[in-house]
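Below, each chain spelled out in residue letters.
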Amino acid sequence: MADDKANAAAYWKANVSLITWSLVVWALVSFGFGILLRPMLMNISVGGADLGFWFAQQGSIITFIAIIFHYAWRLNKLDKQFGVEE
Amino acid sequence: MSQFVINMLFVGASFALYFGIAVWARAGSTKEFYVAGGGVHPVTNGMATAADWMSAASFISMAGLIAAGGYSTSVYLMGWTGGYVLLAMLLAPYLRKFGKFTVPDFIGDRFYSRGARLAAVICLLLISLTYVIGQMAGAGIAFSRFLEVSNSAGIWIAAAVVFAYAVFGGMKGITYTQVAQYVVLIIAYTIPAVFIAFQLTGNPIPSLGMIGTHVESGEPLLAKLDAVVTDLGFAAYTADTDNKLNMILFTLSLMIGTAGLPHVIIRFFTVPKVADARWSAGWTLIFIALLYLTAPAVASMARLNLMTTVYPQGTEAAPLAYEERPEWVKTWEETGLIKWEDKNSDGRVQFYNDANATFKATATERGWNGNELTVNNDIIVLANPEIANLPGWVIGLIAAGAIAAALSTAAGLLLAISSAVSHDLIKTLINPKISEESEMKAARISMAVAILLATWLGLNPPGFAAQVVALAFGLAAATLFPALMMGIFSKRVNDKGAIAGMTVGLLVTIVYIFMYLGWFFIPGTATFANTPDNWLFGISPQAFGSVGAIINFAVAYAVSLVTDAPPKAVQDLVESVRTPKGAGAALDH
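Residues numbered from 1 in each chain as written. Chains lettered and ligands numbered in written order. Predicted model: local features only at pLDDT ≥ 70, side-chain atom pairs only at ≥ 80, totals over all residues. Heavy atoms only, no water.

## Remarks on the overall build of chain B
The cut-off we apply is this: Strands are runs of DSSP state E lasting at least two residues, helices are runs of H or I lasting at least four, and both sets are numbered from the N terminus onward. Computation of the radius of gyration draws on C-alpha atoms alone. For the globule rule, the value is 2.2 Å times the number of residues to the power 0.38. The classification of residues rests on relative accessible area computed with a 1.4 Å probe and restricted to protein chains. Under 20% of the type maximum is buried, over 50% is exposed, and intermediate values are partly exposed. Any two residues whose heavy atoms approach within 4.5 Å at even a single point are treated as in contact. The protein chains shown are the only cover counted for residues, whose accessible areas, like all others here, come from Shrake-Rupley with a 1.4 Å probe. Charge counting treats Lys and Arg as positive and Asp and Glu as negative, with His and both chain ends excluded. Charge coordinates come from a single atom per side chain, which is NZ of Lys, CZ of Arg, CG of Asp or CD of Glu.
Within chain B one finds 24 helices and two strands. For 589 residues, the compact-globule formula gives about 25 Å, and the C-alpha radius of gyration of chain B, at 25 Å, lands near that figure. Here the C-alpha coordinates of chain B stretch approximately 80 × 55 × 40 Å along the principal axes. Burial status across chain B gives 61% buried among its 589 residues. Of the contacts made within chain B by residues no fewer than 6 positions apart, 81% connect residues no fewer than 24 positions apart. Carbon and sulfur atoms form 65% of the exposed surface of chain B, whose accessible area is close to 20,200 Å². Considering chain B, the positive charge centre built from 33 side chains and the negative charge centre built from 36 side chains are found 16 Å apart.

Written out as structure tokens, the structure is:
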């Protein structure tokens, strides 16, 4: 039982760290590249506009999809590694 | 064949399809009624959730908003998609593991109190009812424009169709009709966009066309658009915003608001396994992105098309003579969505930004006497097929698509409302001994009542249709999202903390919105004029949900820390939702 508890705690810790890193990327592409850092990316041009504009209108959405699938894939591996899968 | 007959055929055929599904997917148990039996494939659920989520606003209005607003309206694109990242990692899988039927179910059990459950039911009803008004009104508009019936007749027809498959089919009927509705709406949205992208940029993929080259001028499309609009005194399409704090908070509000919407969350209760909930959120976003990556392309291209229609010889030459206006302008003038007023009596259409003081000299020099053309944002999507000279059947498809978008969201909202009433209010709070059969009956009756109420509200909109979005997302962001997230990620937050957090979050957000948009949205009662100068730190009412959420988190933690920790059983519940093992199917209880 104690082992089970320690195992569950370790699994949760791994999950929270994965979530944290995913959220860093999530915030970077939207709030970062798309809004706050846009002035710094003005010189990088993407088809008639700048990289920040592209991230705000297309790039962030594409990255969001990648984040979710990466998270699901990694967490499914963690589920098996810690033996907590259904 | 007349356009009216074609529209009738398309809309009629789509309704026949929905009715067929309703008959096939009749719900036999409360489990089928609330969560479609819990056996929906993650990809199927992704498609249904995409239709559930994409409303009349996404389909009809969003591209028009972006066309008018340019870069700063990217908040809708990022905000309404970024929420799925939060849903996939912070809420959906754990709530699926919890394995019950409604959002208040979790809040009531996790915060072990009837007060918390009741607070969640109230928040849910406020959010979902305000949201459903827009859907009924949207369906009414689509009917009246394409099928030549009155607005109110349109709303009654929409109500009858939803009634047929939602009351009998419950979540099961809704799920499979939403899949059909997704297919209808995505085809309808994409076909005109592909043709327009090909005409303007030579690239049939709209999202690539947007960052491609404008064939006629040889310049990049967005650079060409920037040049044309600034020539006429409008702000550049890609111009940066000077209020970045507001843009960030607005985006965040839409993101956490999306993740906190009950009708979206309950869709994830229908998949068989916890891991499926994670994948399903990814599939949902793929299906949503098909429209959301096309929308900004449609926006920029339609804006350019509109400008070049009015200035066929370029912005330096004389604008379009009114008598030579194209057919589609005449069609939409009849609906009042395009208006022309010849202010300088020259018979030509001057379309420019007359609020721009530095452009005034140029305008006077050219003999212009104010902007003469007003174009409703909704035109951008609705008139697309005609602007691109597409055949009549594409217009019929747009009609069916707009109605599908409104109906699919309305049905999802009505299910969230009826399950909160029959399951949380009647079964859990009022009469726990109710039998399965009576609960089913209660669920169907509350669904029927909810449809009647939504119809009535759609027929008599309280005059704040435009503000509804701000309210629904602000409330979801400030109340349900923080409560759900803390319920999963903290073992320390207790009943008192959660109730205090939800109450304060709700009040702060609603008061801030009322202060600028009118108390209870009654016109003329606003405390301050709704202008950026008056906003607290430049934060708009629409963006305030994220502030409400932060306050909710802070209050809930503070109150919890000075009161007792939750009982052992509740802490065990939190541990159990954190691991997928032992979930099984959604529990009958």
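## A closer look at the overall build of chain A
Counting secondary structure elements, chain A contains two helices and two strands. In chain A, the order of α-helices and β-strands from amino to carboxyl end is α-β-β-α. Its C-alpha radius of gyration of 18 Å places chain A more than 25% over the 12 Å reference for a compact globule of 86 residues. Each principal axis of the C-alpha atoms in chain A carries an extent, and together these give about 60 × 20 × 15 Å. Considering only contacts in chain A between residues 6 or more positions apart, those separated by 24 or more positions represent 60%. Looking at chain A as shown, the accessible area adds up to about 4,100 Å², and 69% of this sits on carbon and sulfur atoms. Here chain A contributes 6 positively and 6 negatively charged side chains, and the mean placements of these two sets differ by 8 Å.

## Here's the deal with the interface of chain B and chain A
Here is the rule we go by: Put simply, buried area is how much 1.4 Å-probe accessible surface two parts lose in total, over both of them, once they are put together. Criterion for a salt bridge: a side-chain nitrogen of Lys or Arg within 4 Å of a carboxyl oxygen of Asp or Glu. Two N or O atoms count as a polar contact when they lie within 3.5 Å, although within protein this holds only if one can serve as hydrogen donor and the other as acceptor, and sequence-adjacent residues are included solely when both atoms are side-chain atoms.
Listed as interface residues are 56 residues of chain B and, on the opposing side, 44 residues of chain A. Summed over both sides, the interface between chain B and chain A buries roughly 4,300 Å², with carbon and sulfur atoms accounting for 73% of that surface. Three residues, Met89, Arg278 and Trp279 of chain B, lead the burial of chain B against chain A; their summed loss comes to 15% of the area buried on that side. In this structure, the connection of chain B to chain A is made through three salt bridges. Taking the shortest distance from any N to any O, the salt bridge between Lys5 of chain A and Glu575 of chain B comes out at 3.9 Å. Taken together, chain B and chain A are joined by 14 residue pairs in polar contact (both at pLDDT 80 or more).

## A look at the side chain of Ser490 of chain B
Residues and elements named next belong to chain B. Relative to the helices and strands, Ser490 is located in the loop between helix H21 (465-489) and helix H22 (495-517). Note on Ser490: relative accessible area 6%, which makes it buried. Setting aside residues up to four positions removed in sequence, Ser490 forms contacts with Arg110, Met485, Tyr557, Val574 and Arg578.

## Describing the domain arrangement of chain B
All names here are of chain B. Keep this limit in mind: An automatic or database domain assignment supplies the start and end points of every domain.
Here the domain parsing of chain B yields domain 1 (3-300 + 389-429 + 437-462) and domain 2 (302-387). Here the C-alpha centre of domain 2 lies 32 Å away from the C-alpha centre of domain 1. Tallying the contact residues gives 33 residues for domain 1 and 25 residues for domain 2. Roughly 2,800 Å² of surface becomes buried between domain 1 and domain 2 when both sides are summed, with 66% attributable to carbon and sulfur atoms. Contact with domain 2 buries surface across domain 1, with Arg145, Leu232 and Phe234 losing the most and accounting together for 23% of the total. Looking at the side of domain 1 that touches domain 2, the elements that each hand over two or more residues are helix H4 (56-69), helix H7 (114-146), helix H8 (151-201), helix H10 (221-231), helix H14 (294-310) and helix H19 (392-430). In terms of residue count, H4 provides more of the side of domain 1 that touches domain 2 than any other element does, eight residues in total.

## Re the packing of aromatic side chains
Where we set the bar: Aromatic pairing here means that ring centres of Phe, Tyr or Trp (its six-membered ring) are within 6.5 Å. Orientation follows from the plane angle: under 30 degrees is stacked, over 60 is edge-to-face, and everything else is tilted. Only when the NZ of Lys or the CZ of Arg is both within 6 Å of the ring centre and within 35 degrees of the ring normal is a charge said to sit over the ring.
For the structure on display, the rule yields 38 aromatic pairs over all chains. Where Trp12 of chain A meets Phe489 of chain B, the ring centres are 5.1 Å apart and the plane angle is 45 degrees; that geometry is what we call tilted. Of this pair, Trp12 of chain A sits in helix H1 (residues 2-36) while Phe489 of chain B sits in helix H21, each in a different chain. Taking 6.4 Å as the distance between ring centres and 65 degrees as the angle between the ring planes, the aromatic pair formed by Tyr18 of chain B and Tyr165 of chain B counts as edge-to-face. With Tyr18 of chain B in helix H1 (residues 3-24) and Tyr165 of chain B in helix H8, the pair connects residues that are 147 residues apart, well separated along the chain. Considered together, Tyr18 of chain B and Tyr165 of chain B belong to a single accessibility category, that of buried residues. Among the aromatic residues, ring-to-ring pairing joins Trp53, Tyr76, Trp80, Tyr84, Tyr131, Phe250 and Phe473 of chain B into one connected group. Above the face of the Tyr71 of chain B ring, Arg38 of chain A is positioned so that its terminal group lies 4.0 Å from the ring centre. Over the ring of Tyr322 of chain B we find Arg325 of chain B, and its NZ or CZ is 3.9 Å from the ring centre.

## Quick notes on the nonpolar core
Heads up, the condition is: In these notes, a set of buried Ala, Val, Leu, Ile, Met, Phe, Trp, Tyr and Cys residues joined through side-chain atoms within 4.5 Å is what counts as a nonpolar core.
In terms of nonpolar packing, the biggest core is built from 228 residues, with Trp53, Phe59, Leu91, Ile107 and Tyr292 of chain B touching the most fellow members. Per-element tally for this core: the top contributor is H8 of chain B, with 22 residues. The residues that make up this core include at least three from each of domain 1 (3-300 + 389-429 + 437-462) and domain 2 (302-387) of chain B. In contact with Tyr292 of chain B, other than residues within four places in its own chain, are Ile61 of chain A together with Trp53, Met54, Ser58, Met62, Tyr76, Leu77, Trp80 and Thr81 of chain B.

## A short note on the UniProt feature "domain: Sodium symporter small subunit" (unreviewed entry) in chain A
The condition is simple: UniProt positions are given in the numbering used here, feature names are shortened, and annotations may be inferred rather than shown by experiment.
Mapped onto the present numbering, the UniProt feature "domain: Sodium symporter small subunit" (unreviewed entry) falls on residues 9-85 of chain A. End-to-end, the C-alpha atoms of residues 9-85 of chain A are 15 Å apart, and along that stretch the chain is 77% helix and 5% strand.

## Description of the packing of H8 of chain B against helix H13 (residues 274-292) of chain B
Residue and element names in this part refer to chain B. The criterion, for reference: With axes taken as lines fitted to C-alpha atoms, and helix axes fitted only over the stretch in contact, angles between N-to-C directions fall between 0 and 180 degrees. For this classification, under 35 degrees means roughly parallel, over 145 means roughly antiparallel, 65 to 115 means roughly perpendicular, and everything else is oblique. Crossing handedness is read from the near helix: turned anticlockwise from the far helix by less than a right angle, it gives a left-handed crossing, and turned clockwise, a right-handed one. Only Asp, Glu, Lys and Arg are considered charged in this grouping, and only Ala, Val, Leu, Ile, Met, Phe, Trp, Tyr, Cys and Pro are considered nonpolar; every other residue, Gly among them, is considered polar.
Across the interface, H8 lies against H13 with an axial gap of 9 Å and an inter-helix angle of 30 degrees. By the angle between their directions, the pair H8 and H13 is classed as roughly parallel. The crossing of H8 and H13 is left-handed. On H13, the residues touching Tyr182, Leu185, Ile186 and Tyr189 of H8 are Phe287, Leu290 and Leu291. Its residues placed into classes, the contact of H8 with H13 shows seven nonpolar, no polar and no charged.

## Here's the deal with helix H2 (residues 51-81) of chain A
The condition is simple: Each residue after the first adds 1.5 Å to the expected span of a helix.
With 31 residues, H2 of chain A extends only 39 Å from end C-alpha to end C-alpha; this falls clearly short of the ideal 45 Å at 1.5 Å per step. Where H2 of chain A ends, the next residue or the one after it, Gly83 of chain A, has phi of about 65 degrees, a positive value.

## Regarding the pattern of salt bridges
Residues and elements named next belong to chain B. The final tally for this structure, using the stated rule, is 17 salt bridges over all chains. Linking Lys244 and Asp240 is a salt bridge whose minimum nitrogen-to-oxygen distance equals 3.1 Å. Look at Lys244 and you get buried, because its relative accessible area is 17%. Among the ionic pairs, Lys427 bridges to Glu439, the shortest N-O distance being 3.7 Å.

## Side note on the environment of Arg26 of chain B
All names here are of chain B. With respect to the helices and strands, Arg26 occurs in the loop between H1 and helix H2 (30-35). Owing to a relative accessible area of 49%, Arg26 belongs among the partly exposed residues under this scheme. Between the C-alpha atoms of Arg26 and Gly173, which are 147 residues apart in sequence, the distance is 6.3 Å.

## Quick look at the UniProt feature "transmembrane region" (unreviewed entry) in chain A
Residue and element names in this part refer to chain A. Per the UniProt record, "transmembrane region" (unreviewed entry) is annotated on residues 18-39 and 51-73. The distance separating the terminal C-alpha atoms of residues 18-39 is 30 Å; by composition the span is 86% helix and 0% strand. Along residues 51-73 the backbone is 100% helical and 0% strand, and the end-to-end C-alpha distance reaches 29 Å.

## What about the environment of Val167 of chain B?
Residue and element names in this part refer to chain B. With respect to the secondary-structure elements, Val167 resides in helix H8. Here Val167 falls in the buried class, since its relative accessible area comes to 5%. The sequence separation of Val167 and Ser418 amounts to 251 residues, and the corresponding C-alpha distance is 9.7 Å.

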